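Read off the chains here:
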Amino acid sequence: MKYKELIEVARNAKNYSYSPYSKFRVGAAVLTKAGKIYSGCNIENSSYSLTICAERTALFKAISVGEREFVAIVISTDEKDFITPCGACRQVISDLAGNIEIILTNGSGKIKKFRTNDLLPHPFTPPNLE
Ligand code: THU
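Residues numbered from 1 in each chain as written. Predicted model: local features only at pLDDT ≥ 70, side-chain atom pairs only at ≥ 80, totals over all residues. Heavy atoms only, no water.

(A) Structural detail: the site of the ligand. Inspection of the region around the ligand gives Ser22, Phe24, Val26, Asn42, Glu44, Thr51, Cys53, Ala54, Glu55, Thr84, Pro85 and Cys86 as its neighbouring residues. Glu44 is positioned with one of its side-chain polar atoms (N or O) 2.5 Å from an oxygen atom of the ligand. Contacts to the ligand include Ala54, whose backbone N or O atom sits 2.9 Å from an oxygen atom. Within the complex, the protein chains bury 79% of what would otherwise be the 370 Å² of accessible surface of the ligand. Its residues assigned to classes, the shell around the ligand comprises 6 nonpolar, 4 polar and 2 charged. (Near = heavy atom within 4 Å. Polar contact = N/O pair within 3.5 Å; in protein donor to acceptor, adjacent residues only side chain to side chain. Areas by Shrake-Rupley, 256 points an atom, 1.4 Å probe, with all protein chains shown as cover. Nonpolar A, V, L, I, M, F, W, Y, C, P; charged D, E, K, R; others polar.)

Given below as structure tokens:
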């Protein structure tokens, strides 16, 4: 099953997390409609606000090589609680991937599923600019 692999890729991506300031490791993996997977991790910066979250790293990697259609994103952390994407990432996911499945995995490997619209109701979307 593809989601099993997606979850594994997100968990593995956490190992590349560059988080010397927060020590909070996050991994993400996004699945395209065609079945390709792109991973991402959080990358922090000494000028803290320039930090990028794992979700945006994964999506930007995919977009940067021409991907445009997505079905799911997995977010993986070491925490016992389920970590949901920050507000900025919710907007980016909504804008670039639409109402996809957002799968959260905690440190013990449990999962919780949402859709973008559950986490970001009434989004501002590209058609609003038409
Ligand atoms: N972070 C993510 O990568 N994704 C989230 O969903 C929440 C927060 C990162 C940003 C920062 O490097 C660290 O976690 C602490 O906020």
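(B) Geometry of the sheet that holds strand E4 (residues 101–105). One open sheet holds the 5 strands; their spatial order is E2-E1-E3-E4-E5, and the pairing between them is mixed. Both outer strands of the open sheet, strand E2 (37–41) and strand E5 (111–115), are each paired with one neighbouring strand and no more. Mean inter-strand twist for the sheet, computed between neighbouring axes without regard to direction, equals 20°. Of the pairings in the sheet, the one linking strand E1 (residues 26–32) to E2 comprises 5 bridges and is antiparallel in character. Bridge assignment links Gly27 to a residue of E2, and that residue is Cys41. (Pairing = 2+ DSSP bridges. Helix = DSSP H or I, 4+ residues; strand = E, 2+ residues; numbered from the N terminus. Axes fitted to C-alpha atoms, helices over the stretch in contact; angles between N-to-C directions.)

Functional significance is not addressed by these values, which are geometric in nature.
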